[in-house]
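Examination of the molecular architecture
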Amino acid sequence: MSDALQAPGVALRAEALIGLRRAALMKTLDIPLAALPGGFVTKRKGHGQDVADVREYVAGDDIRHLDRGTTARTGTLHVRRFQEERDRVSILVADFRPSMLWGTRRAFRSVAAAEALALVGWRIVEEGGRVGLLALGAGEPVVVPARGRARGMLDVIGGMIRAHDAALELALSGVRHDPDLATGLARLDRISPRGSEIILASGYDSLGAGFQERIDELSERRSLRCLRVVDQAAQSLPDGSYPIVLSDGTRTRATVRGARSETVSDQIAGQPVLTIDAGQTPDATARLIAAAFPPDRGA
């Protein structure tokens, strides 16, 4: 990939997305994803009896789950993570289409979308669930089957990086047309089982004909969560195509659509949405997600 596309905030970096694991556990520990505004809260039966894996202790962990053998062997506190008594499958949908490949401050909207999905995904596998990926761009989508534990999340991160690198290269070659989002979401029928969760991070540009119907179909048999990624600093910009000069002098363009109306509605196609600013730090995003997913008091 071109050196110009390796700049922080432009490229996705594996170490950065892996590093979000700690932020996700610190900010959202014991906070169920199902409590996203407008979603339903799923009652849990407990942590189960089967040990899923052993990991390093994070502040807030139940000390009763301390794994004495690993702690003694490593000299560092480790706790056991138990497999939940129900199977939970979540598909993370990352929008890397051309309209997501721009940003005015810290990061491209596409990078912020990947960070938000990584924060959510790390907590899902921590709770014993399985995560998969559908990454949409101007080229062929990238699909990663749902798997559990840290290995499953690492596979998802690898898929996001491959898809994002391909999207950047296409943009640099002059591909700037968004495929319809509705068309891209059609693949979810084949890769997300009934009863699964779908977490969609997008700017919701170029929805396409039939988008409302597609969302209705998905939400009928699955739990749909919508994350909308915006660039708050671009609120004053009129719609249009803007020139961008990359760090090596390469010139490209970014298209801004609907910037002034992005914060008007708190719904997408009738679904509640959590809005994330690409200009804020990942830690701020972690706090925002934690605040939006309040604990299930009835569990």
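Everything that follows concerns the structure shown earlier in this document.
Since the structure is predicted, the reported quantities are computational estimates derived from the model, not experimental observations.

Section: the overall build of the protein
Of the regular secondary structure elements, the protein holds 8 helices and 11 strands. Across the protein, the fraction of contacts at a sequence separation of at least 24, relative to all contacts at a separation of at least 6, is 76%.

Points about the nonpolar core
Leu 12, Phe 96, Met 153, Val 156, Met 160 and Leu 227 are the most contacted members of the largest nonpolar core, which totals 48 residues. For this core, the element with the highest residue contribution is helix H3 (residues 109-126), accounting for 12 residues. For Phe 96, the residues in contact, after removing those within four places along its chain, are Leu 12, Leu 101, Ser 110, Ala 114, Ala 135, Leu 136, Gly 137, Met 160, Ala 163, His 164 and Ala 167. One finds Ile 91, Leu 134, Ala 182 and Ile 198 within the second-largest nonpolar core, a separate group that totals 20 residues.

Topic: helix H7 (residues 211-221)
Helical periodicity: at 3.6 residues per turn, an α-helix aligns residues three or four positions apart in one direction. Three or more residues of H7 are buried, namely Phe 211, Arg 214, Ile 215 and Leu 218. Within H7, the buried residues cover an arc of 95° as seen down the axis, which keeps them to one side. Contact partners of the buried residues in H7: helix H5 (181-185), helix H6 (188-191), strand E6 (197-202), strand E7 (223-230), strand E10 (267-268) and strand E11 (271-277).

Description of H3
Its 18 residues place the ends of H3 26 Å apart at the C-alpha level, agreeing with the 26 Å of an ideal helix rising 1.5 Å per residue. Of all the 18 residues making up H3, 18 are buried; the element is thus mostly covered by neighbouring parts of the structure. Gly 128 sits one or two residues past H3 and shows a positive phi near 95°.

Here's the deal with the packing of H3 against helix H4 (residues 149-172)
One can describe the packing of H3 onto H4 by two numbers: an axis separation of 10 Å at closest approach and a directional angle of 170°. If you check the angle between H3 and H4, you find them roughly antiparallel. For the pair H3 and H4, the contacting residues are Ser 110, Val 111, Ala 114, Leu 117, Ala 118, Gly 121, Trp 122 and Val 125 in the first and Arg 149, Ala 150, Met 153, Leu 154, Ile 157, Met 160 and His 164 in the second. Residue composition of the contact of H3 with H4, by class: 11 nonpolar, 3 polar and 1 charged.

What counts, and at which threshold
Residues numbered from 1 in each chain as written. Predicted model: local features only at pLDDT ≥ 70, side-chain atom pairs only at ≥ 80, totals over all residues. Heavy atoms only, no water. Helix = DSSP H or I, 4+ residues; strand = E, 2+ residues; numbered from the N terminus. Contact = heavy atoms within 4.5 Å. Core = buried A, V, L, I, M, F, W, Y, C linked by side-chain atoms within 4.5 Å. Buried < 20%, exposed > 50% of the residue type's maximum accessible area, 1.4 Å probe, protein only. Arc of directions from axis to C-beta. Expected span 1.5 Å × (residues − 1). Axes fitted to C-alpha atoms, helices over the stretch in contact; angles between N-to-C directions. Parallel < 35°, antiparallel > 145°, perpendicular 65-115°, else oblique. Nonpolar A, V, L, I, M, F, W, Y, C, P; charged D, E, K, R; others polar.

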